[in-house]
Amino acid sequence: MLYYLSYIKSGEIYKIKKMKKNTNDIYQILYEKFGQAGCELNFNNNYELIVAVILSARCTDKRVNIISKDLFKKYPTVESLANANIEELEKAIYSCGFYKNKAKNLIGMAKDVVERFNGNVPSEFEDLISLSGVGRKTANVVLAVGFSKQAIAVDTHVFRVSNRLGIVDAKTPYDCEMGLQQEVDKDKWATFHHYLVLFGRYVCKSQNPSCKNCELKEHCKYVNTINK
Ligand code: SF4
């Protein structure tokens, strides 16, 4: 299917013809594989969700779920986290890596939520990325998972799989997010994101992707290029 991609360069508007990858076919195959897949982090409310997503940077969801069990008992509300002692918090999240930065970001985020949003995690993208330590990926996960909005969060799996499949040809997570927004029907953004995460985690792994038995190999640019 053809569509037009517009961009502005030196004040001029350019339109280029682009062939749309049939992401509906890819979606259907992934739907049959994963069904109603969702986030693998454990949480009970949007406060716990945003904490878990911040902790999950460069850490497995499995590890985050182990840490968060006791963490949410120690800091049950955003107010308690805002008033946390940083050394105690660092100790509590030590095993998830980058614990010093994450502890600083968690307290900063919690203070922002308490002081600027009356203790409620905001539901708008611009508000979310204005929180200390919250970037596009975290904001998009919170929107999709916590507020059931259509958003595509680009983590390492989404970036790798969507590039390998050839849905996007992106150098940065931002370009990848914009490309996926063009290529995927909006009502499927959040689910497509979950599918790419799971597919990257269990099939299209960074090292040794399971290409031989891959359900998407007919759609994959990477495998079709190396097999030529
Ligand atoms: S064929 Fe290989 S590289 Fe392509 S999507 Fe499947 S596992 Fe990934």
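Here, every reference points to the structure presented above.
Residues numbered from 1 in each chain as written. Predicted model: local features only at pLDDT ≥ 70, side-chain atom pairs only at ≥ 80, totals over all residues.

**Student:** What exactly am I supposed to notice about the overall build of the protein here?
**Tutor:** The helix and strand tally for the protein stands at 12 helices and 2 strands. Starting at the N terminus, the α and β elements of the protein follow one another as β-β-α-α-α-α-α-α-α-α-α-α-α-α. Within the protein, buried positions represent 34% of all 228 residues. Counting contacts in the protein only where the partners sit at least 6 residues apart, residues at least 24 apart contribute 55% of the total. (Helix = DSSP H or I, 4+ residues; strand = E, 2+ residues; numbered from the N terminus. Buried ≥ 20, exposed ≤ 12 C-beta atoms within 10 Å, placed from the backbone. Contact = placed C-beta atoms within 7 Å.)

**Student:** Teacher, can you tell me more about unusual backbone geometry here?
**Tutor:** Across the chain, the bulk of peptide bonds are trans and the bulk of non-glycine residues have phi less than zero. Backbone geometry at Asn118 places phi at a positive 55 degrees, although glycine is not the residue there. With respect to the helices and strands, the residue Asn118 is situated in the loop between α6 (99-116) and α7 (125-129). Here the phi dihedral of Asn208 falls at roughly 50 degrees; this positive angle occurs in a residue that is not glycine. Summarising the element assignment, Asn208 is placed in the loop between α11 (189-202) and α12 (221-226).

**Student:** Can you help me understand the environment of Gly133 in this one?
**Tutor:** You can see Gly133 is positioned in the loop between α7 and α8 (136-146). Those residues in contact with Gly133, other than ones at most four positions away along the chain, are Ile54, Asn105, Gly108 and Met109.

**Student:** Even after reading the chapter, I still don't get the nonpolar core, so can you show me in this structure?
**Tutor:** Most often, soluble globular proteins keep nonpolar side chains buried together rather than apart. With 58 residues, the main nonpolar core has Ile50, Leu106, Met109, Val142 and Val158 as its most contacted residues. The element contributing the most residues to this core is helix α2 (residues 46-55), with 8 residues. Apart from the residues lying within four places of it in its own chain, the contact partners of Val142 are Asn46, Leu49, Ile50, Val53, Val121 and Leu128. (Core = buried A, V, L, I, M, F, W, Y, C linked by C-beta atoms within 7 Å.)

**Student:** What should I look at first to understand the site of the ligand in this one?
**Tutor:** Close contacts around the ligand come from 13 residues, with Cys204, Pro209, Cys211, Cys214 and Cys220 the closest. Mapped onto the shell around the ligand, the elements with two or more residues apiece are α9 (156-165) and α12. Within the shell around the ligand, the residues separate by chemical class into 10 nonpolar, 1 polar and 2 charged. (Near = placed C-beta within 6 Å. Nonpolar A, V, L, I, M, F, W, Y, C, P; charged D, E, K, R; others polar.)

**Student:** Sorry, what's going on with the packing of α9 against α11 here?
**Tutor:** Two measures define how a pair of helices packs: the angle their axes make with one another and the distance between the axes. Viewed as axis vectors pointing N to C, α9 and α11 meet at an angle of 85 degrees, and their least axial separation amounts to 8 Å. Between α9 and α11, the interaxial angle falls into the category roughly perpendicular. In this structure, α9 uses His157, Val158, Arg160, Val161 and Ser162 to contact α11, whose residues at the interface are His193, Leu196, Val197, Phe199, Gly200 and Arg201. Within the contact of α9 with α11, the residues separate by chemical class into 5 nonpolar, 4 polar and 2 charged. (Axes fitted to C-alpha atoms, helices over the stretch in contact; angles between N-to-C directions. Parallel < 35°, antiparallel > 145°, perpendicular 65-115°, else oblique.)

**Student:** Where do I start with helix α3 (residues 61-74) in this structure?
**Tutor:** In an α-helix, one turn spans 3.6 residues; hence positions three or four apart end up facing the same way. For α3, built from 14 residues, the straight-helix expectation of 20 Å at 1.5 Å per residue is met to within 8% by its first-to-last C-alpha distance of 20 Å. Residue Ser68 marks the point of greatest curvature in α3, where the axis turns by about 35 degrees. Among all positions of α3, only Val64, Ser68, Leu71 and Phe72 are buried. (Expected span 1.5 Å × (residues − 1). Bend = angle between axes of the 7 residues up to and from the residue.)

**Student:** Got a minute to help me understand the packing of helix α5 (residues 86-93) against α6 in this structure?
**Tutor:** Where α5 contacts α6, the axes come no closer than 9 Å and their chain directions differ by 125 degrees. Judged by the angle between their axes, α5 and α6 are oblique. When you trace α5 past α6, the crossing you get is right-handed. The residues of α6 that touch α5, namely those facing Ile86, Leu89, Glu90 and Ile93, are Tyr99, Lys100, Lys102, Ala103, Lys104, Leu106 and Ile107. (Left-handed = near helix turned anticlockwise from the far one by under 90°.)

**Student:** Explain the environment of Phe117 here, please?
**Tutor:** When you line up the elements, Phe117 lands in the loop between α6 and α7. Given 16 C-beta atoms within 10 Å, Phe117 falls into the partly exposed group. In the structure, Phe117 is positioned 10 residues away from Asp127 in sequence and 9.1 Å away in space, judged by C-alpha atoms. Apart from the residues lying within four places of it in its own chain, the contact partners of Phe117 are Pro122 and Asp127.

**Student:** I tried to follow helix α10 (residues 173-183) on my own but got confused; where do I start?
**Tutor:** Residues of α10 that are buried include every one of Cys176, Glu177, Gly179 and Leu180, and no others. Viewed along the axis of α10, the buried residues span an arc of 165 degrees, placing them on a single side of the element. Looking at the buried side of α10, the elements it contacts are α8 and α9. (Arc of directions from axis to C-beta.)

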